[in-house]
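# Inside the fold
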Amino acid sequence: MRSFKTAFPPDLLQSVQAGTMAYAYKGVPCLKNPFDLAIYLKLIWDLKPKSLIEIGSKQGGGALWFADMLSIAGLGCPVISIDRVPPNGFADPRIAFLAGDAARLGDTLTPEMRAALPHPWLVVEDSAHTYEVTLAALRFFADTTIAGDIVIIEDGVVDDLGMSAAYGGGPNRAVAEFLEASPGTFRLLTQYCDMFGVNATYNPNAYFLRL
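In this report, the structure presented in the accompanying data block is examined. Keep in mind it's a predicted model, so treat the numbers as computed, not measured.

Thresholds applied
Residues numbered from 1 in each chain as written. Predicted model: local features only at pLDDT ≥ 70, side-chain atom pairs only at ≥ 80, totals over all residues. Heavy atoms only, no water. Phe/Tyr/Trp six-rings, centres within 6.5 Å; stacked < 30°, edge-to-face > 60°. Helix = DSSP H or I, 4+ residues; strand = E, 2+ residues; numbered from the N terminus. Buried < 20%, exposed > 50% of the residue type's maximum accessible area, 1.4 Å probe, protein only. Lys NZ or Arg CZ within 6 Å of the ring centre and 35° of its normal. Salt bridge = Lys/Arg side-chain N within 4 Å of Asp/Glu carboxyl O. Core = buried A, V, L, I, M, F, W, Y, C linked by side-chain atoms within 4.5 Å. Contact = heavy atoms within 4.5 Å. Expected span 1.5 Å × (residues − 1).

### Some remarks on the packing of aromatic side chains
With the rule as written, the count across this model stands at 11 aromatic pairs. Ring plane angle 55° and centroid distance 6.5 Å describe the contact between Y40 and Y207, whose orientation is recorded as tilted. Of this pair, Y40 sits in helix α2 (residues 34–47) while Y207 sits in strand β9 (residues 207–210), and the two are 167 residues apart along the sequence. Taken individually, Y40 and Y207 each receive the classification buried, so the pair is uniform in this respect. Ring geometry for W65 and F66: centres 5.3 Å apart, planes at 70°, overall edge-to-face. F66 carries the same exposure label as W65, and that label is buried. An aromatic cluster of at least three residues, connected via ring pairs, comprises Y40, W65, F66, Y192 and Y207. A cation over an aromatic ring shows up here: R173 above the ring of Y131, its NZ or CZ 3.5 Å from the ring centre.

Now the structure itself:
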């Protein structure tokens, strides 16, 4: 398996992290770095998703950015954003903010709701970043996505930031264990991980095509 180490030298990573945590879109905290924003733009154009599912809304800036970028691309793609405490600072007809637990996604993304969401899906798992929650989300989407959908597991960079112990090993541990246990479920899309250098992203080894 490829190393999960990102391409960012420590000093650069700290600078990028400071900017990421301060970043806002249209005045709403967005908390995404410029590398990943660029990668997502290309991915949206390449995939042309018909449904975007975001796990982890925070204040809603990411969902708003996705909705605008999808509109600019000419895609009538709804954004479903799930969080234990959905944001209430604004409303947008393109976005459905839903209450839900990333460790129990079936309670929110019911079979009836999933059947109403056209494919291909673009799934962005950006919730708790803990090993347990990330693994639960990965297993859920392994069971509910179909061939051609894309799943991204965000923020494995917590390893390089020295914070993975606080997250029980974090996303990278969950991804590594899932791939070992379930080979043939997903294919790693290295063209996105490595667009600006090998794993020059906050989501190392975590852009997946459902097979």
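After presenting the structure, the write-up continues.
### What to know about the pattern of salt bridges
Under the defined criterion, the tally for this structure stands at nine salt bridges. Across the pair K26 and D68 runs a salt bridge, and its minimum N-O distance is 2.7 Å. With a gap of 42 residues between them, K26 in the loop between β1 (24–25) and β2 (28–29) and D68 in helix α3 (residues 61–72) connect regions that are remote in the sequence. For K26, a relative accessible area of 59% translates into the label exposed. On the basis of relative accessible area, D68 is assigned to the buried category, the value being 9%.

### A short note on the nonpolar core
Counting residues in each nonpolar core, the largest one holds 31 residues, and the members touching the most others are L43, W65, F66, V79, L122, I150 and Y207. With sequence-adjacent residues up to four places away left out, I150 is seen in contact with L43, L47, W121, L122, V123, L189, F208 and L209. Of all hydrophobic cores here, the second largest spans 27 residues; its members include L105, V123, L135 and A174.

### Digging into helix α1 (residues 10–22)
Here α1 spans 19 Å end to end across 13 residues, near enough to the 18 Å set by a 1.5 Å rise per residue. Structurally, α1 contributes buried residues whose contacts are with α2.

### So, the side chain of T6
Inspection of the secondary structure puts T6 in the segment before α1. For T6, a relative accessible area of 6% gives the class buried. Apart from the residues within four sequence positions on either side, T6 is in contact with V157, D160, V198, N199, T201 and P204.

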